[in-house]
Amino acid sequence: MDKYVNLIKLSVGSESVETLADWQQTRAAQSEDGLPRHVTRMWPKREVEILKGGSIYWVIKGQVQCRQRILRMDEVIGADGIRRCAIVLDPDLHRTQSAQKRPFQGWRYLKPEDTPPDLPKTRQSEDALPDDLNRALAEIGVL
């Protein structure tokens, strides 16, 4: 399989995977064809690698909690005339095992071997662990 790379991004304002999904269903968060998108000022230099199978991993409340497959990148010119990148996403949100992540700005590249695994389909509706418990388990190497 060709090598690919993922992105990781804070989902600012999201309280849960459900609130991220709700936001993505609004017209403001959709591309012209109705797919969810995330608009960013910087265009990923590794676009070709991302489009070979990459996903965006969403950090919600300090924890990676889900991912979405990246379908394409569209050019968007803002009212200010600045070129931006619309990262167009598959509407399906795949919950992942929780993984703590410190705050950062923008998006970052994330190698496939550094990504938390998806939760099995039977565990997709589970809530994330409480922050204190998640931190304690991470400190002792359980997560």
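Structure's up top.
Below, the structure is looked at part by part. (Residues numbered from 1 in each chain as written. Predicted model: local features only at pLDDT ≥ 70, side-chain atom pairs only at ≥ 80, totals over all residues. Heavy atoms only, no water.)

Topic: the nonpolar core
So, step 1. The biggest cluster of nonpolar side chains holds 16 residues, and the ones touching the most others in it are L7, W58 and I70.
So, step 2. Elements represented by at least two residues in this core include exactly helix 1 (17–24), strand 3 (55–60), strand 4 (63–77) and strand 5 (83–89).
So, step 3. Here L7 is in contact with I50, S55, I56, Y57, I70, I87, W107, R108, Y109 and L110, once residues within four sequence places are set aside.
So, step 4. Membership of the second largest hydrophobic core comes to 7 residues, among which are I8, Y57, V64 and L110. (Core = buried A, V, L, I, M, F, W, Y, C linked by side-chain atoms within 4.5 Å. Buried < 20%, exposed > 50% of the residue type's maximum accessible area, 1.4 Å probe, protein only. Helix = DSSP H or I, 4+ residues; strand = E, 2+ residues; numbered from the N terminus. Contact = heavy atoms within 4.5 Å.)

Details of the environment of D74
So, step 1. Looking at where D74 falls in the secondary structure, it is placed in strand 4.
So, step 2. Its relative accessible area of 23% is what places D74 among the partly exposed residues.
So, step 3. Measuring from C-alpha to C-alpha, the distance between D74 and A86 comes to 5.0 Å, with 12 residues separating the pair along the chain.
So, step 4. With residues up to four places along the chain from it excluded, the contact list for D74 reads W43, R84, C85, A86 and V88.
So, step 5. Among the polar contacts made by the side chain of D74, one reaches the side chain of R72 at a distance of 2.9 Å. (Polar contact = N/O pair within 3.5 Å; in protein donor to acceptor, adjacent residues only side chain to side chain.)

Let's talk about the packing of aromatic side chains
So, step 1. Per the counting criterion, the structure on display carries 1 aromatic pair.
So, step 2. Look at W107 and Y109: their rings are 5.2 Å apart centre to centre, the planes differ by 75°, and that puts the pair in the edge-to-face class.
So, step 3. When its relative accessible area of 29% is taken as the criterion, Y109 is described as partly exposed.
So, step 4. Across from the ring centre of Y109, 4.9 Å away, lies the NZ or CZ of R46, which sits over that ring. (Phe/Tyr/Trp six-rings, centres within 6.5 Å; stacked < 30°, edge-to-face > 60°. Lys NZ or Arg CZ within 6 Å of the ring centre and 35° of its normal.)

What to know about the pattern of salt bridges
So, step 1. Under the defined criterion, the tally for this structure stands at 9 salt bridges.
So, step 2. Here R95 makes a salt bridge to E18, at a shortest N to O gap of 2.2 Å. Taken together, the residues span a long stretch of sequence, with R95 in strand 6 (residues 94–100) and E18 in helix 1 at a distance of 77 residues.
So, step 3. Between R83 and E75 there is a salt bridge; the shortest N-O distance is 2.7 Å.
So, step 4. Since its relative accessible area comes to 44%, R83 is described here as partly exposed.
So, step 5. One salt-bridge network, in which partners are shared between bridges, spans D33, R72 and D74. (Salt bridge = Lys/Arg side-chain N within 4 Å of Asp/Glu carboxyl O.)

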